[in-house]
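So the chains spell out like this:
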Amino acid sequence: MSMKASTRQVDGVTIVDLSGRITLGEGSVVLRDTVKDLLGKGQKKILLNLGDVSYIDSSGIGELVSAFTSVRNQGGELKLLHLTKKVHDLLQITKLYTVFDVKDDEAGAITAFGK
Amino acid sequence: MTAPQRVSYRMESTLESVNKAEAMAEQFSSQSGFDEDTRSGISMAVREAMINAVLHGNGYDPVKSVKLTFEQNGRELIITITDQGKGLDPAEVPDPLAPENLMKQSGRGIFLMRAFMDEVRFRKVDPGTEITLIKRLQNNDLDPQEAST
């Protein structure tokens with residue numbers, strides 16, 4: 001039920017590989033702490049890989065919105081990568097799909113970040 | 001078709017109860033004959049209603065509990081979630097799809113319940129709020145023999 005986040009660097013972009021569920025409680029806290037930690041280190045180009053995220057609830061959606069806003073407010077960029085069908089549909093019905101910059105290809109996502 | 005069944009639980013105001021209720025919703029909706037996508041939506045609606053009850057209604061108060069009831073009758077699944085909080089007026093919850101609310105961190109729970117269920121009702125009780133979630137079986141959810149009757 002828990003969520004795991006691991007980070008790696010590719011061409012100045014921090015890729016956060018998330019797996020599990022982003023839900024009220026631990027999942028949301030892991031995401032929040034990870035993004036806060038990255039911003040604290042000055043890493044402002046963040047690509048959240050949601051390929052292994054099986055489920056997001058309203059709290060998880062709120063956490064994604066909050067992460068997006070925090071990064072943008074610090075002059076950075078946050079993009080989403082590899083949405084599962086469930087997460088894709090959820091972002092569609094909440095009208096957030098067009099707010100987030102969603103990518104299907106990691107290499108393409110990395111080049112899409114501003115230099 | 002499964003026999004009509006009604007089961008009630010008294011749940012603690014904890015996050016664990018939210019997860020348990022979600023798992024129970026998956027189980028009951030499976031027994032009722034809903035397909036995988038529909039089951040997933042029902043489970044999410046129950047999760048959101050439970051979060052509402054445990055967090056916003058009861059405020060994680062260990063003295064307060066949540067009553068959770070599943071009722072299946074072969075035509076629909078009815079789930080009732082009752083908290084002991086101050087009471088919720090859904091009309092006071094802002095539309096999360098309005099441009100000014102789109103980037104808010106919270107306020108999407110009721111919207112998601114309505115998105116995945118056929119009917120969502122709110123009723124003030126004393127004390128608290130009762131949320132009723134209803135999902136009807138479509139003909140193509142039923143087995144062929146059942147659908148032809």
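**Student:** Which parts of the structure should I look at to understand the environment of Glu36 of chain B?
**Tutor:** All names here are of chain B. Relative to the helices and strands, Glu36 is located in helix α2 (residues 36–57). Owing to 10 C-beta atoms within 10 Å, Glu36 belongs among the exposed residues under this scheme. Taking the C-alpha atoms as reference points, Glu36 and Tyr60, 24 residues apart in sequence, are found 31 Å from one another.

**Student:** What should I look at first to understand the pairing of strand β3 (residues 45–56) of chain A in this one?
**Tutor:** Two faces make up the sheet, and in a regular strand the side chains alternate between them. Residues and elements named next belong to chain A. Most of β3 is tucked away, with 9 of its 12 residues classed as buried. Between the parallel pair strand β2 (residues 13–22) and β3, the chain is carried across by helix α1 (residues 26–40), and the sense of this crossover is right-handed. Bridge analysis of β3 against strand β4 (residues 77–81) gives 5 bridges, and the strand direction is parallel. Considered in β4, the bridge of Ile46 is made with Leu78. For the handedness criterion, the β-α-β arrangement of β3, helix α2 (residues 58–73) and β4 is classed as right-handed.

**Student:** Is there a simple way to explain the packing of α2 of chain B against helix α3 (residues 109–116) of chain B in this structure?
**Tutor:** Helix packing geometry: the angle between the two helix axes and the distance between the axes. Residue and element names in this part refer to chain B. Contact geometry of α2 with α3 gives a least axis separation of 8 Å together with a crossing angle of 150°. Between α2 and α3, the angle falls in the class roughly antiparallel. Here α2 and α3 pass one another in a crossing that is left-handed. From α2, Gly41, Ile42, Met44, Ala45, Glu48, Ala49, Ile51 and Asn52 reach across to α3, where they touch Gly109, Leu112, Met113 and Phe116. Residues that form the contact of α2 with α3 fall into these classes: 8 nonpolar, 3 polar and 1 charged.

**Student:** Is there a simple way to think about unusual backbone geometry in this case?
**Tutor:** Both trends apply: most residues other than glycine have a negative phi, and most peptide bonds are in trans. Cis peptide bonds are those with omega within 30 degrees of zero, and the linkage from Asp126 of chain B to Pro127 of chain B qualifies with -5°. Here Pro127 of chain B is to be found in the loop between β4 (119–125) and β5 (128–136). With phi around 55°, His82 of chain A is a residue other than glycine that occupies positive phi space. Considering the arrangement of structural elements, one finds His82 of chain A in the loop between β4 and α3 (85–93). Take His82 of chain A: there are 21 C-beta atoms within 10 Å of it, and that puts it in the buried class.

**Student:** Can you walk me through the confidence of the model for chain B in this structure?
**Tutor:** For any part of a model where pLDDT is low, the fine detail of the predicted coordinates should not be relied upon. Put simply, chain B has an average pLDDT of 91, and 91% of its residues get 70 or more. Model confidence for the complex is summarised by a pTM of 0.90, with the ipTM given as 0.89.

**Student:** Is there a simple way to think about the interface of chain A and chain B in this case?
**Tutor:** The extent of an interface is frequently quoted as the accessible surface area lost upon association of the parts. Taken residue by residue, the interface counts 16 residues in chain A and 18 residues in chain B. When contributions to the side of chain A that touches chain B are tallied by element, the ones reaching two or more residues are α2 and α3 of chain A. Among the elements that line the side of chain A that touches chain B, the one with the most residues is α2 of chain A, at 6 residues. Considered class by class, the residues forming the side of chain A that touches chain B number 7 nonpolar, 6 polar and 3 charged.

**Student:** When you look at the sheet that holds strand β5 (residues 101–103) of chain A in this model, what are you seeing that I'm missing?
**Tutor:** Residues and elements named next belong to chain A. Sheet architecture is open: 5 strands sit in the order β1-β2-β3-β4-β5, paired in mixed fashion. Either end of the sheet is taken by a strand with one partner, and the two such strands are β1 (4–10) and β5. Neighbour-to-neighbour, the strand axes of this sheet turn through a mean angle of 25°, independent of strand direction. Two elements, β4 and β5, share 3 bridges in a ladder whose sense is parallel. Directly across from Leu80, in β5, lies its bridge partner Val102. Seen against the sheet, α1 touches β1, β2 and β3 and runs at an angle of roughly 170° to β2. Relative to β4, α2 is tilted by about 145°, and along the sheet it contacts β2, β3 and β4.

What counts, and at which threshold
Residues numbered from 1 in each chain as written. Chains lettered and ligands numbered in written order. Predicted model: local features only at pLDDT ≥ 70, side-chain atom pairs only at ≥ 80, totals over all residues. Helix = DSSP H or I, 4+ residues; strand = E, 2+ residues; numbered from the N terminus. Buried ≥ 20, exposed ≤ 12 C-beta atoms within 10 Å, placed from the backbone. Right-handed = clockwise from strand over helix to strand, strands pointing away. Pairing = 2+ DSSP bridges. Axes fitted to C-alpha atoms, helices over the stretch in contact; angles between N-to-C directions. Parallel < 35°, antiparallel > 145°, perpendicular 65-115°, else oblique. Left-handed = near helix turned anticlockwise from the far one by under 90°. Contact = placed C-beta atoms within 7 Å. Nonpolar A, V, L, I, M, F, W, Y, C, P; charged D, E, K, R; others polar. pLDDT = per-residue confidence, 0-100.

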